[in-house]
Amino acid sequence: MNITREDMPGRQVALTIELDEDIVSSALDKAYHQMVNQVNIPGFRRGKAPRYMLERYVGTDTLTERAVKNILPQTVQDAIAEQNIEALDVGDVEIVSMAPLQVKVVIVQPPVVELGDYGSIRAEREAVEITPEQVEEVLTNLRRENAPWNKPAEPRPIEEGDMVYLDLEGFTTEGPLEEASRENFPTIVGLSRAGVPDVVNEALTGMSVGEEKDIAGTLPDDYPTQELAGKDVTYHVIVHSMKSQELTPLDEEFAKKLGYDTVDELRESLAKNLQTRADEAAESKQVNSAIEQIIAGSNVEVPEMMVDEELDGMLKTMENRLKEQRLTLRQYFTYGGITEADWREANREHAREHVISNLVLRDFSRRENISVEDSQIEEKIQEMLTPVQEEEREKARELLAGEEFRTAFADQIFERNLFDRLIGIAEGRIQPAPADESAGTSDQTTEEAPGTALDLENVGGAAELLGTQDVDLRSPNETGEAEGGGTPAEAPGLTS
C-alpha cells in the first residue's frame, strides 16, 4: 500500500492510497460473490452468473466501488496508523484512479490548543452606578406592559410611542424591494427595528392617519442581498390607523400589584436589581476581556468540521427562537433576501470564534484544575429550597437532588468556579498553575468539561428586574427563554 500525504488547512490531511493488487483482487472477488446473489441477470439463475457477465451487466465501476467499500474501513485505519495521524473524523472519500486502484480520503484531525503565558493578562472591572433616571425608565416600561391601546379621542399627528398600522413598499433602481413590503403592519414609533426600517419609523412622527409619504434611505453595506448593499432606496408608506397608550398610574395600587407596599419600595427593589444586572454585565465584560487576551496569546487550530457543527447548533437555536415568534427559518431567510448558505457564510467567523473560545476555556480549566465539589451542589440545592414552602420542601428536595438537576447545577457551579479563577488571575490576585502541572496542551480530544459553553449576553426584561419569580422546579429540559420577541414581531434584514 503506497500512501501520498497532503496536509491541508483547517486541520485536515488528504491521503491518496494506492492499494496492492492482491488486496484489490481479493476484494473484487468478495464483491462479486456479494452482488451475484443480489442481481437478476437474464439467462442465469441468481448466484450462478460468472464474474465477467456480472461486470458486463452492472459495470466494472460498480463492482469496484463495492470492493472499495468493503475494504475501505480497514484500509483507512491502516493508512492513519502508518502516517501516525490522530484522527477526529473521516471526511470525503473518492476513487481517483482505477488502474492502479487509488482512493483519496480526507482525515479530520483534532483541534490544537497551546495556551500562552496567561499569567500576565490583566482586566479590571468597571464600577457602575445606577442612576434615578434608569430606575424611572424601567418603571415607565413596567407601566406600559399592560396598559391598553386606544384610538385618540381627537385626530392628531403621530407621536413617539404611538402604535401605527401602515402599508409599506420599497423601491431601488433594480426594482421593487419585496422583503420590505408590509400590509396593515403594526409598528411602534421610536422603537428601533420594530418590523420596519429605522428611517421609516423615524419619519412617521408628525404624519397623520390617511397620509402617504415617500421616504429616501440607503440600504446598509451589510445588506443580505449583496447586489443591493449600499444602494439608495425609496419607501412609500401609507398610514391606515394609529393608537396611543395610556400608562397605568404610578401609585400604591400599581406597586401592590407587583408585590410591594409602596412605590418607594418598588423603586428601591428595582434599583437593587438594576445594580445587580449592571455588576453582572461589568463582570461579563471583564471576563470577555480576559478570554480575548488568553486567545490572543495562544495557538489554536480548529477543524472546519467543528465550525460547521457550531453553525448547525446556532441555526437550531435560531429556529427555536423564531418559533416563539411564529416564524419559520424559510420565512426568515425569505424576508432577509438570503439563503441558508448565505447565512452560514456570514456567521462562519463568529462560529469559529465561539469554538476557539470554548476550546481555550476547556484547556484553561484543565490546567487550573477547575472542579465542582459535592458540597457546592448541596449548597445550591439548599439555596433553591429556601423560598419553598415547608410542606413542599421534601418533595422539592427529592426533585432537585435528581441527576438531571444535579448536572445542571454542576454546570452552573463549574462556570462560576472558572470565572472566579480567571478573574483572580486577571486582577493579579491569583497566580496561575505552573505549566508543568497542565493536563496537556496538545491535540484536544477529551469530552468538553461542564460549564464551558459560555453565554455572557444580558437577558431579561423590565419585569424580571423585580426578582419576584417563583422557584422553577421544572426539569432543565422543560425550561428555556426565547430571546427577542416584543411587539410587534421583527422582520429581519430591513434596517436602513
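Structure first, text after, so check above.
The structure reproduced in this document is the subject of the present report. (Residues numbered from 1 in each chain as written. Predicted model: local features only at pLDDT ≥ 70, side-chain atom pairs only at ≥ 80, totals over all residues. Heavy atoms only, no water.)

Describing the overall build of the protein
Thought 1: Counting secondary structure elements, the protein contains 13 helices and 12 strands.
Thought 2: Here the protein holds 496 residues, and the buried ones make up 39% of them.
Thought 3: Restricting the contact set of the protein to residue pairs at least 6 apart, pairs at least 24 apart contribute 71%.
Thought 4: Counting only carbon and sulfur atoms, one obtains 45% of the accessible surface of the protein, whose full area is about 28,200 Å². (Helix = DSSP H or I, 4+ residues; strand = E, 2+ residues; numbered from the N terminus. Buried < 20%, exposed > 50% of the residue type's maximum accessible area, 1.4 Å probe, protein only. Contact = heavy atoms within 4.5 Å. Areas by Shrake-Rupley, 256 points an atom, 1.4 Å probe, with all protein chains shown as cover.)

Overview of the nonpolar core
Thought 1: Formed by 38 residues in total, the largest nonpolar core has its most connected members in I121, I294, W343, F364 and L422.
Thought 2: For this core, the elements supplying multiple residues, two or more each, are helix 7 (263–296), helix 8 (304–324), helix 9 (329–336), helix 10 (340–367) and helix 13 (403–426).
Thought 3: In terms of residue count, helix 10 provides more of this core than any other element does, 8 residues in total.
Thought 4: Excluding residues that lie within four positions of it along the chain, I121 makes contacts with A290, Q293, I294, L422, I425 and A426.
Thought 5: Counting 29 residues, the second-largest nonpolar core is a separate cluster that includes V24, V68, A79 and L101. (Core = buried A, V, L, I, M, F, W, Y, C linked by side-chain atoms within 4.5 Å.)

Section: the sheet that holds strand 1 (residues 2–8)
Thought 1: The strand order 1-2-4-3 describes an open sheet built from 4 strands, whose pairing is antiparallel. The open sheet has two edge strands with one neighbour each: strand 1 and strand 3 (89–98). The mean inter-strand angle of the sheet, taken between neighbouring strand axes irrespective of direction, is 20°.
Thought 2: Looking at chain direction, strand 1 and strand 2 (residues 12–18) are connected through 7 bridges and run antiparallel. Counted as the bridge partner of I3 is I17 from strand 2.
Thought 3: Each of strand 1, strand 2, strand 3 and strand 4 (101–108) touches helix 3 (residues 60–82); the most contacted strand, strand 4, lies at about 50° to it. (Pairing = 2+ DSSP bridges. Axes fitted to C-alpha atoms, helices over the stretch in contact; angles between N-to-C directions.)

Focus on a negative patch on the surface
Thought 1: Together, E252, D261, E265 and E268 make up a negatively charged patch on the protein surface.
Thought 2: As for its placement among the helices and strands, D261 is situated in the loop between helix 6 (252–257) and helix 7.
Thought 3: Judged by relative accessible area, D261 falls into the partly exposed class, the value being 46%. (Patch = residues over 30% accessible without salt bridge, like charges linked within 9 Å, V, L, I, M, F, W, Y side chains within 5 Å. Salt bridge = Lys/Arg side-chain N within 4 Å of Asp/Glu carboxyl O. Lys, Arg positive; Asp, Glu negative; His and termini not counted. Charge placed at Lys NZ, Arg CZ, Asp CG, Glu CD.)

Considerations on the pattern of salt bridges
Opposite charge on two side chains permits them to pair, given that their charged atoms come into close proximity.
Thought 1: All chains considered together, the criterion is met by 25 salt bridges.
Thought 2: A salt bridge links K231 to E174; its shortest N-O distance comes to 3.9 Å. Taken together, the positions of K231 in the loop between strand 10 (212–218) and strand 11 (232–245) and E174 in the loop between strand 7 (163–172) and strand 8 (175–176) put the pair 57 residues apart, joining distant regions of the chain.
Thought 3: With a closest N to O distance of 3.7 Å, R393 and E390 form a salt bridge. A residue pair is termed a helical-turn pair when its members lie 3 or 4 positions apart in one helix, as R393 and E390 do in helix 12 (residues 390–400) at 3 residues.
Thought 4: Given a relative accessible area of 26%, R393 falls into the partly exposed group.
Thought 5: Salt bridges linked by common partners bring E304, D308, R348, E349 and R352 together as one network.

A word on the environment of V138
Thought 1: Mapped onto the elements, V138 comes out in helix 4 (residues 132–145).
Thought 2: V138 sits in the buried class, given a relative accessible area of 8%.
Thought 3: A sequence separation of 136 residues divides V138 from L274, and the C-alpha atoms of the two residues are 9.2 Å apart.

A look at the pairing of strand 4
Thought 1: Of all 8 residues in strand 4, 6 are buried; the element is thus mostly enclosed.
Thought 2: One ladder, built from 7 bridges, connects strand 2 with strand 4; its direction is antiparallel. Across the sheet, residue I17 finds its bridge partner in strand 4, namely V103.
Thought 3: Hairpin remark: strand 3 followed by strand 4, antiparallel, with 2 residues in the connecting loop.

Everything listed is a geometric property; what it means functionally is a separate question.
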